[in-house]
Amino acid sequence: MNPGEEAELVRRAAGDDLAAFAALVRVHEAPLRRYLTRLAGDEGDDLAQETLLAAWRALGQWRGEGNFGGWLRAIATRRFLDRRRRRRPQTQALAGLDVAAPCDGRDRRIAIDRALARLPERERAVALLLFAEGHSHSEAAAILAVPLGTLKSIAARARLALIPLLEGVAP
Amino acid sequence: MTDDEIDARLAALMAEPAAAPDPAFADHVVALARFDLVRRRARRRAFARVGREALALVAVLATFVLLARLPSGPAAGLGDALPLASPAMLGVILLGLWAAVVNRPSPAT
């Protein structure tokens with residue numbers, strides 16, 4: 001879907017056109033759920049549903065700057081961080097796990113998930129946006145609503161924590 | 001190794017194939033949005049109705065106030081026409097206005 005078509009769908013959905021909203025959901029639900037599952041684990045689908053409903057209520061506020069997927073990630077990340085702020089971080093339970101990446105593909109995936117789970121929430125979100133989703137630093141800063149310098153600091157910490165994953169992986 | 005090289009290697013490591021769409025999940029979200037839309041419309045209608053009824057209440061109260069302030073004239077006979085400025089005629093006019101406000105059809109219904 002090109003940006004023009006997407007903007008038109010958003011405009012129609014903002015006018016309470018459910019068919020247009022359904023088309024947007026079908027395009028964006030899978031990547032959004034994948035992002036949130038890696039960010040929030042088992043809560044991913046629940047957060048994705050919450051995010052899409054929040055977006056439905058706030059469609060009129062999307063000004064068409066950046067892409068719609070980025071706007072959804074901004075809502076999703078804010079909701080995730082809000083949820084985590086209300087409860088104690090669960091990262092300590094995984095602190096003792098080995099995050100060096102084994103060569104086997106499935107084990108590597110597990111090692112990546114463990115390494116991500118050990119990161120503080122904001123660093124995890126930044127790592128996913130930059131490395132897994134391929135957003136630029138400025139896009140990630142806009143999504144997380146932080147200054148670019150702050151984003152780069154968070155990214156540096158995330159990078160440092162994830163470097164052990166690269167051990168044993170051919171460049 | 002530079003930061004850009006590390007980022008590129010991390011990106012390669014963390015890249016995943018495109019996630020499969022889940023039509024049941026999408027349908028569920030759209031159903032929730034439909035419910036939300038119905039609820040919002042019902043709420044808008046309820047607010048509009050409360051507004052109209054508040055207006056009607058003000059009309060009735062104004063009637064009482066005006067009737068209480070008007071001097072009572074001589075009692076009209078059975079065949080006499082009611083003067084327009086009489087309390088009874090004013091009451092009838094205000095009652096008509098009240099009925100018109102309350103029964104005005106809502107554009108949403």
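Since we're looking at a predicted model, the values are computed, not measured.

### Topic: the overall build of chain A
And step 1. The secondary structure content of chain A amounts to eight helices and zero strands.
And step 2. In sequence order, the secondary structure elements of chain A are arranged as α-α-α-α-α-α-α-α.
And step 3. Taking all 171 residues of chain A together, the buried fraction comes to 35%.
And step 4. Pairs at least 24 apart in sequence give 59% of the contacts found in chain A among residues at least 6 apart.

### Observations regarding the domain arrangement of chain A
Residue and element names in this part refer to chain A.
And step 1. Per the domain assignment, the segments of chain A are domain 1 (1–87) and domain 2 (92–171).
And step 2. Counting from both sides, the interface comprises 11 residues of domain 1 and, opposite them, 14 residues of domain 2.
And step 3. For the side of domain 1 that touches domain 2, the elements supplying multiple residues, two or more each, are helix H2 (18–40) and helix H4 (68–85).
And step 4. The element contributing the most residues to the side of domain 1 that touches domain 2 is H4, with seven residues.
And step 5. By residue class, the composition of the side of domain 1 that touches domain 2 is five nonpolar, three polar and three charged.

### Some thoughts on the packing of H2(A) against helix H6 (residues 121–132) of chain A
All names here are of chain A.
And step 1. At a minimum axis separation of 9 Å, H2 and H6 run at an interaxial angle of 140°. The angle between H2 and H6 places the two elements in the oblique class. For H2 against H6, the interelement crossing comes out right-handed. Between H2 and H6, the contacting residues are Tyr35, Arg38 and Leu39 on the first element and Arg124, Ala125, Leu128 and Ala132 on the second.
And step 2. Residue composition of the contact of H2 with H6, by class: five nonpolar, no polar and two charged.

### Side note on the interface of chain A and chain B
And step 1. With 29 residues of chain A in contact, the opposing surface of chain B contributes 23 residues.
And step 2. Looking at which element gives the most residues to the side of chain A that touches chain B, the answer is H2(A), with 10 residues.
And step 3. Looking at the side of chain A that touches chain B residue by residue, the classes come out as 19 nonpolar, two polar and eight charged.

### Regarding the nonpolar core
Residue and element names in this part refer to chain A.
And step 1. Of all hydrophobic cores here, the largest spans 52 residues; its most connected members are Leu36, Ala76, Val126, Ala127, Leu128 and Ala140.
And step 2. Here this core gathers at least three residues from each of two domains, domain 1 (1–87) and domain 2 (92–171).
And step 3. With residues up to four places along the chain from it excluded, the contact list for leucine 128 reads Tyr35, Arg38, Leu39 and Glu133.

### Describing the confidence of the model for chain B
All names here are of chain B.
And step 1. Per-residue confidence for chain B averages 80 on the pLDDT scale, and 79% of its residues sit at or above 70.
And step 2. Ranking the elements of chain B by mean pLDDT puts helix H3 (residues 87–102) last with 75 and helix H2 (residues 23–69) first with 88.
And step 3. ipTM for the predicted complex: 0.78, alongside a pTM of 0.74.

### Topic: unusual backbone geometry
Excluding glycine, a negative phi dihedral is what most residues carry, and trans is how most peptide bonds are arranged.
All names here are of chain A.
And step 1. With a phi close to 70°, aspartate 16 is a non-glycine residue in the positive phi region.
And step 2. Inspection of the secondary structure assignment puts aspartate 16 in the loop between helix H1 (3–14) and H2.
And step 3. Phi at alanine 145 takes a positive value of approximately 55°, unusual for a residue other than glycine.
And step 4. Looking at where alanine 145 falls in the secondary structure, it is placed in the loop between helix H7 (137–144) and helix H8 (148–162).
And step 5. Look at alanine 145 and you get exposed, because 10 C-beta atoms sit within 10 Å.

### Here's the deal with the packing of H1(A) against H2(A)
Residue and element names in this part refer to chain A.
And step 1. Interaxial distance between H1 and H2 falls to 7 Å at its minimum, and their mutual angle equals 135°. Put simply, H1 runs oblique to H2. Note that H1 runs across H2; the crossing there is left-handed. Together, Leu9, Val10, Arg12 and Ala13 of H1 and Ala20, Phe21, Ala23 and Leu24 of H2 make up the contact between the two elements.
And step 2. Residue composition of the contact of H1 with H2, grouped by class: seven nonpolar, no polar and one charged.

Rules used in this analysis
Residues numbered from 1 in each chain as written. Chains lettered and ligands numbered in written order. Predicted model: local features only at pLDDT ≥ 70, side-chain atom pairs only at ≥ 80, totals over all residues. Helix = DSSP H or I, 4+ residues; strand = E, 2+ residues; numbered from the N terminus. Buried ≥ 20, exposed ≤ 12 C-beta atoms within 10 Å, placed from the backbone. Contact = placed C-beta atoms within 7 Å. Domains from an automatic or database assignment. Nonpolar A, V, L, I, M, F, W, Y, C, P; charged D, E, K, R; others polar. Axes fitted to C-alpha atoms, helices over the stretch in contact; angles between N-to-C directions. Parallel < 35°, antiparallel > 145°, perpendicular 65-115°, else oblique. Left-handed = near helix turned anticlockwise from the far one by under 90°. Core = buried A, V, L, I, M, F, W, Y, C linked by C-beta atoms within 7 Å. pLDDT = per-residue confidence, 0-100.

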